[in-house]
Each structure stands twice: as C-alpha cells, then as structure tokens.
Amino acid sequence: MAPPGLRRLKSVDFYRKLPTDLTEATLSGAAISIATTFIILFLLGAELSSFMATRTRTDMVVDRSAHGELLRINFNISFPQLSCEFATLDVSDAMGLKRLNLTKTVRKQPITQFLGKVGAAVEDKKLHDPKYDEDHPGFQYEDVNISIPLTSETFDHVAQHYDVLVVNFFAPWCPWCQRLGPTWEAVTEEIHNRFPESDGRIRMAKVDCTAEVDLCRKHFITAFPSIRIFRHGSDDVVRLGHHEHESYYGDRTKEDLLRMAEALAESAGQPHTFVHGVNKSAKSEGCNFSGFVLVKKVPGTLHFVARAPGHSFDYLNMNLSHLVHYLYYGNRPSPRRRYMLQHMHPLGLTDDWADKLKGQAYTDDANGITYEHYMQVVLTTIEPRGRPELKFDAYEYTVQSHKYTVSGDDHASAKFTYKMSPIQIVVTEQPKQWYKFLTAICAVIGGVFTVAGIIDGMVHQVNRITKKVELGKQG
C-alpha cells in the first residue's frame, strides 16, 4: 500500500492507464501503428538533416573594404597575331592614374599563330626611350638616298654578300623615321667609307615597308623604325634551342649608331658577341600575357596594345584577336574555403562563377579592330561561424563584349574595363538552435501519434457500425 502522500500525487497523473484486459488489439490498429512508426522515422530523419544543414543569413551592405585596399586582377591571355617585341599592358583608372607598360608582375611568352610556345617566357621589361641628335647631321642628307632601299628581289642577295647587314625598316609617314632619316644617311656614308665594298664586313641598308609589305611581314616588323641585324644573310640566332632575331634598341644619335656599326664589323658576324644596344627577341607572330596587376577599387581599364617609345605603329593593319585562358579577381579559394563557399553561397557555385571569360575566343580576320570587354564586379564575403580562418572574399562579375573598327589616330587594342559594385554581399553562418530541434522532434512524434490515433478511432468506429449493420441483416 502506497503512503497517503503518494496516493494524492497519483491524482495529477495526466496519463492514466487502462488495464490490459480492457483494451482490444485490431488488425487495422496494427497497420496504422506500423505506418506511424515509418512516418515518424522519416520525419525525424528529415528534421535531423535540416538541423545539420548550414543555415545562412544574406545581407547587402555598402562595401566594407578597408580604405585604400587594392584589387588583384589575374589574367592569362593569348594574342596570336601580336608580337611580344612591342606588346605592352597599360592600366588606367577613373582617378587619372595611368601606368604604361607594366612589367614587374607580367610575363610574356612568345607563341605561334596556333598558340604553340616559341622560346621561353620572360618578365616584361621597360623599353628604352631612344635619344636623337640635337644638332642636325647636315642638310646634304635631308632628301638624299645614299643607300637605295632594298626590295624583295634584292634583299637576300645583298644580305648574303656581307658578313653583317644592318637594315632600317621604315615607313615614310612615321615621324620617328623622318627624324632618323638624315642621321641614318650620314652614318651610312661614313660606315661605307670606312668599310668599302671590297672589305665585305658590313653594310647599312633600309627597306620601305609601305612598298615592301610582304618582306616586312616576313621579318615580323610591327613598329617603325625597326633596326634589324643580319649576319651572313640571316637574322636567325639560335639560343638554347630557340630561334631569335637581333635588333638595335639603343640611342639613335650618329655617335651611337657609328659605335654600334663598328662593333658589329669587328665581330666579323659572330652572333653571340655583345654589342651595346643590340638585344635578341623571339621570332614569333604572337604573344601570351600572364600575371596579375593590383589596382584601386575604382573604375579602370586594362589596355593590351602595341606601344614603344620612339616607334610608330600601323594600327590599321594590326590584328588584336585573342583567347582568354582566364581572367578573375582576387585569389583562388583553397579546397576547404571552396567547399565552404559552395555551401554558403546563396545560389551555389557554377563552373564559371568567378571567371565568365574563361576559354572565350574573340577573333576576326579583319585588321584594325578594337575589342572591348566591360565587367561589373561584385564582392561576396562568407563568414563561417567559429572558423575565422575560412572567411573568404569571392569576386564575381558579369561581362559584355563588343568590337569596332578603329579610324584616324585610334589605337587597335584589347580593352578590359572593370567597375566595382558599391554593394557587398555578406553571407553569415547562423548558429544551430537546439531548442528548435527538440521542439520539432516533439511536434513530429506527438502530432503523428495524435493524427494516427484519430484515424485509428475513425477506422474502429466504421468497423463497429459495419458489424452492427451486418448483424441487423442476419436478425
């Protein structure tokens, strides 16, 4: 016998029990019980899966980047018909900043028109701004052609006749060629007097590229004036298995040109003799740019163009067709960060989520075309809860591209214009709330049992009525 206090406690029992002999088991009840069990297990699994899933909150705020923070732009772009010799990358922005011929973080790889590598990749370098004579070499050289321009018919014969042939590839419309012209004639006269025809060591010559287009194209002439050096009839210099040609990039004063010519004559045509101002560059039609630049987060443009101090370019005959291997902003995420970004990004990640230009080719058989790509860049920041090392800034962009034919003094180029959105998307991982999970479990179990009990009661009542009707008919 239970103590009186415990007997009084039984009066608040919410779950009073019926004796077993007063209950009845039915087949319908058993079927509903089995179904209830499976439904409860399914719903519990779904609730557990939902609870374990990463929950995030997405906010749109004004960009919280630190003042003066720089944006990294990574690129790898091939230009099959733009020679590396004078190809440059310039950067400009809306604040008036202009950086010409970036070199520190840019590598150039000479390639063929079919994108095959030619020679080794090299870090880009600043091009020398050549000096000219302040004093005119003499009016007698003003309109005199001491050296008759070579043609396609005479070029090979003359080149093979001398140990060294120094050729000035020029265009009459080029102001730098016009400035060099009298000095070149003066140097030609003096060198030919010092080293006469019978000597055979060196000759100075010139080629008019407006008249000999095919000859200049054969020797990869893209800028005027270009001073090339031919030894024993060829400009081909093999170094480490790579084919290169020699060009003079030094100052264009009479004194410097004479010094260069005399040094070449003394070398007797040996290709690896050092001559001040003479450098080698790969013989190739195209160029691949790879590397990165750091820019301010203001609208700006990357210009890929042929440019060099002291040279003119025929942009109307240039072809800037290109293939974008990749172009993306910021840094690549590590595998852990990418996994977290995949789960926390509002719409997940697509194959081109960070690089819409990857693998895109922009080509045209016509020359003198400028290609423009306009990109709008958005910053998405993920902030995993309790794991600050996985925080990551992901940059995505949209892009629109078009091309047009240049005219007048415009430069044929490839332009990649970017504009940062002032809005930043912040995705924060939300904490898991256990009380909600426990509440959901209780709701599932209690709700399913309650509904199943109602259904069982209804089925039981229908069965009783059916039996009574059948007994009435038998009576």
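Preceding this section is the structure that the text describes.
In this report, the structure presented in the accompanying data block is examined. (Residues numbered from 1 in each chain as written. Predicted model: local features only at pLDDT ≥ 70, side-chain atom pairs only at ≥ 80, totals over all residues. Heavy atoms only, no water.)

### Structural notes on the pattern of salt bridges
A side chain with one charge may pair with a side chain of the opposite charge, provided their charged atoms come close. This model, assessed by the stated rule, comprises 21 salt bridges. The salt bridge involving Arg 194 is made with Glu 262; its shortest N-O contact spans 1.5 Å. In this pair, Arg 194 is assigned in helix H4 (residues 175–194) and Glu 262 in helix H6 (residues 254–266), connecting sequence segments 68 residues apart. You can call Arg 194 partly exposed: its relative accessible area is 41%. Of the charged contacts, one joins Asp 364 and Lys 403 as a salt bridge, the two residues approaching to 2.7 Å between their closest N and O atoms. (Salt bridge = Lys/Arg side-chain N within 4 Å of Asp/Glu carboxyl O. Helix = DSSP H or I, 4+ residues; strand = E, 2+ residues; numbered from the N terminus. Buried < 20%, exposed > 50% of the residue type's maximum accessible area, 1.4 Å probe, protein only.)

### Structural notes on the nonpolar core
Among the nonpolar cores identified, the biggest contains 46 residues, and Phe 304, Leu 327, Tyr 329 and Phe 416 are the most heavily contacted of them. Looking at this core, the elements with two or more residues in it are strand S2 (70–79), strand S3 (87–93), strand S13 (286–296), strand S14 (300–306), strand S15 (322–329), strand S17 (369–383), strand S18 (392–405) and strand S19 (414–429). Sequence-distant contacts of Phe 304, that is, excluding residues within four places in its chain, are made with Phe 75, Ile 77, Phe 79, Thr 88, Leu 89, Phe 289, Leu 320, Ser 413, Ala 414 and Phe 416. Of all hydrophobic cores here, the second largest spans 21 residues; its members include Val 166, Phe 195, Leu 257 and Val 275. (Core = buried A, V, L, I, M, F, W, Y, C linked by side-chain atoms within 4.5 Å. Contact = heavy atoms within 4.5 Å.)

### A word on the packing of aromatic side chains
For any two aromatic rings, the description comes down to two numbers: the centre-to-centre distance and the angle of the planes. Under the counting rule described, the total for this entry stands at 16 aromatic pairs. Taking 5.8 Å as the distance between ring centres and 75 degrees as the angle between the ring planes, the aromatic pair formed by Phe 86 and Phe 313 counts as edge-to-face. Placement of Phe 86 in the loop between S2 and S3 and of Phe 313 in the loop between S14 and S15 is noted, with a sequence separation of 227 residues between them. Take Phe 86 and Phe 313: they sit in the same class, and that class is buried. Plain terms: the ring middles of Trp 173 and Phe 224 are 5.8 Å apart, the flat faces sit at 80 degrees to each other, and that makes the pair edge-to-face. (Phe/Tyr/Trp six-rings, centres within 6.5 Å; stacked < 30°, edge-to-face > 60°.)

### Section: H4
Helix length check: H4, at 20 residues, gives a terminal C-alpha distance of 29 Å against a target of 28 Å (1.5 Å per residue), a fit within 8%. The largest bend in H4 amounts to roughly 35 degrees and is located at Gly 181, with the proline Pro 182 lying one to four residues further along. Every buried residue of H4 is accounted for by Cys 177, Leu 180, Pro 182, Thr 183, Trp 184, Glu 185, Ala 186, Val 187, Thr 188, Ile 191 and His 192. Along its buried surface, H4 packs onto strand S7 (164–170), strand S8 (202–208), strand S9 (226–231) and H6. (Expected span 1.5 Å × (residues − 1). Bend = angle between axes of the 7 residues up to and from the residue.)

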